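Chains, contacts and geometry: an overview
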Amino acid sequence: MKSIDINKLIKASLFLALAIVFQVIGKTTGQISQFFVGPAVNTLLILTAAICGGFYGILVGSLTPILAWLTG
């Protein structure tokens, strides 16, 4: 069984939380914020993959649209 690195998991969860915060801010501020939210979330996804590894990058990248849909 593969060992889970808690440090990487915590970093990935913080990146996911930041992505959700950016998405919620984008929904509340209006249409002009699309030029900010998209690149910000993409930057967080790239940072997650670079810092935590590809598995966590894919995991955060998969959860981001699901959680954005759930928040409205």
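Quick caveat: nothing in here was measured; it's all calculated off a predicted structure.

Some thoughts on the side chain of Gln 23
Note on placement: Gln 23 falls in helix α1 (residues 6–29). Using a relative accessible area of 14% as the deciding quantity, one classes Gln 23 as buried. Leave out the neighbours within four places in its chain, and Gln 23 touches Val 37, Val 41, Thr 64 and Ala 68.

Thoughts on a nonpolar patch on the surface
Nonpolar side chains collect at one region of the surface, where Phe 55, Leu 59, Leu 63, Ile 66, Trp 69 and Leu 70 lie side by side and expose about 670 Å² of accessible area between them. Turning to its location among the elements, Leu 59 is positioned in helix α3 (residues 54–71).

Digging into the nonpolar core
Ala 12, Phe 15, Leu 16, Ala 19, Ile 20, Val 37, Val 41, Leu 44, Cys 52, Tyr 56 and Val 60 form the largest nonpolar core, which has 11 residues in total. Considering every element that reaches this core, the biggest residue donor is α1, with 5 residues.

Describing the packing of aromatic side chains
Aromatic ring pairs are described here by two measures, namely the spacing of the ring centres and the angle between the planes. Scanning the entire structure with this criterion turns up 2 aromatic pairs. Measuring from centroid to centroid gives 5.6 Å for Phe 22 and Phe 36, while their planes differ by 80°, and the two rings are edge-to-face. Placement of Phe 22 in helix α1 and of Phe 36 in helix α2 (residues 34–52) is noted, with a sequence separation of 14 residues between them. Residues Phe 55 and Tyr 56 carry aromatic rings whose centres are separated by 5.3 Å and whose planes lie at 75° to one another, so their mutual orientation is edge-to-face.

Side note on the packing of α1 against α2
If you want to describe how two helices pack, look at the angle between their axes and the distance between the axes. Put simply, α1 and α2 touch, their axes get as near as 9 Å, and they point 175° apart. For the element pair α1 / α2, the angle class is roughly antiparallel. Contacts from Lys 8, Lys 11, Ala 12, Phe 15, Leu 18, Ala 19, Phe 22, Gln 23 and Gly 26 of α1 reach α2 at Phe 36, Val 37, Ala 40, Val 41, Leu 44, Leu 47, Thr 48, Ile 51 and Cys 52. For the contact of α1 with α2, the residue count by class is 13 nonpolar, 3 polar and 2 charged.

Overview of the environment of Asn 7
In this structure, Asn 7 sits in helix α1. Residues Asn 7 and Cys 52, 45 residues apart in the sequence, show an inter-C-alpha distance of 8.6 Å.

Overview of the packing of α1 against α3
At a minimum axis separation of 10 Å, α1 and α3 run at an interaxial angle of 35°. The crossing of α1 and α3 is right-handed. Residues Lys 8, Leu 9, Ala 12, Leu 16, Ala 19, Ile 20, Gln 23, Val 24 and Lys 27 of α1 pack against Tyr 56, Val 60, Leu 63, Thr 64, Leu 67, Ala 68 and Thr 71 of α3. The residue inventory of the contact of α1 with α3, partitioned by class, reads 11 nonpolar, 3 polar and 2 charged.

Definitions and limits used
- Residues numbered from 1 in each chain as written.
- Predicted model: local features only at pLDDT ≥ 70, side-chain atom pairs only at ≥ 80, totals over all residues.
- Heavy atoms only, no water.
- Helix = DSSP H or I, 4+ residues; strand = E, 2+ residues; numbered from the N terminus.
- Buried < 20%, exposed > 50% of the residue type's maximum accessible area, 1.4 Å probe, protein only.
- Contact = heavy atoms within 4.5 Å.
- Patch = residues over 30% accessible without salt bridge, like charges linked within 9 Å, V, L, I, M, F, W, Y side chains within 5 Å.
- Areas by Shrake-Rupley, 256 points an atom, 1.4 Å probe, with all protein chains shown as cover.
- Salt bridge = Lys/Arg side-chain N within 4 Å of Asp/Glu carboxyl O.
- Core = buried A, V, L, I, M, F, W, Y, C linked by side-chain atoms within 4.5 Å.
- Phe/Tyr/Trp six-rings, centres within 6.5 Å; stacked < 30°, edge-to-face > 60°.
- Axes fitted to C-alpha atoms, helices over the stretch in contact; angles between N-to-C directions.
- Parallel < 35°, antiparallel > 145°, perpendicular 65-115°, else oblique.
- Nonpolar A, V, L, I, M, F, W, Y, C, P; charged D, E, K, R; others polar.
- Left-handed = near helix turned anticlockwise from the far one by under 90°.

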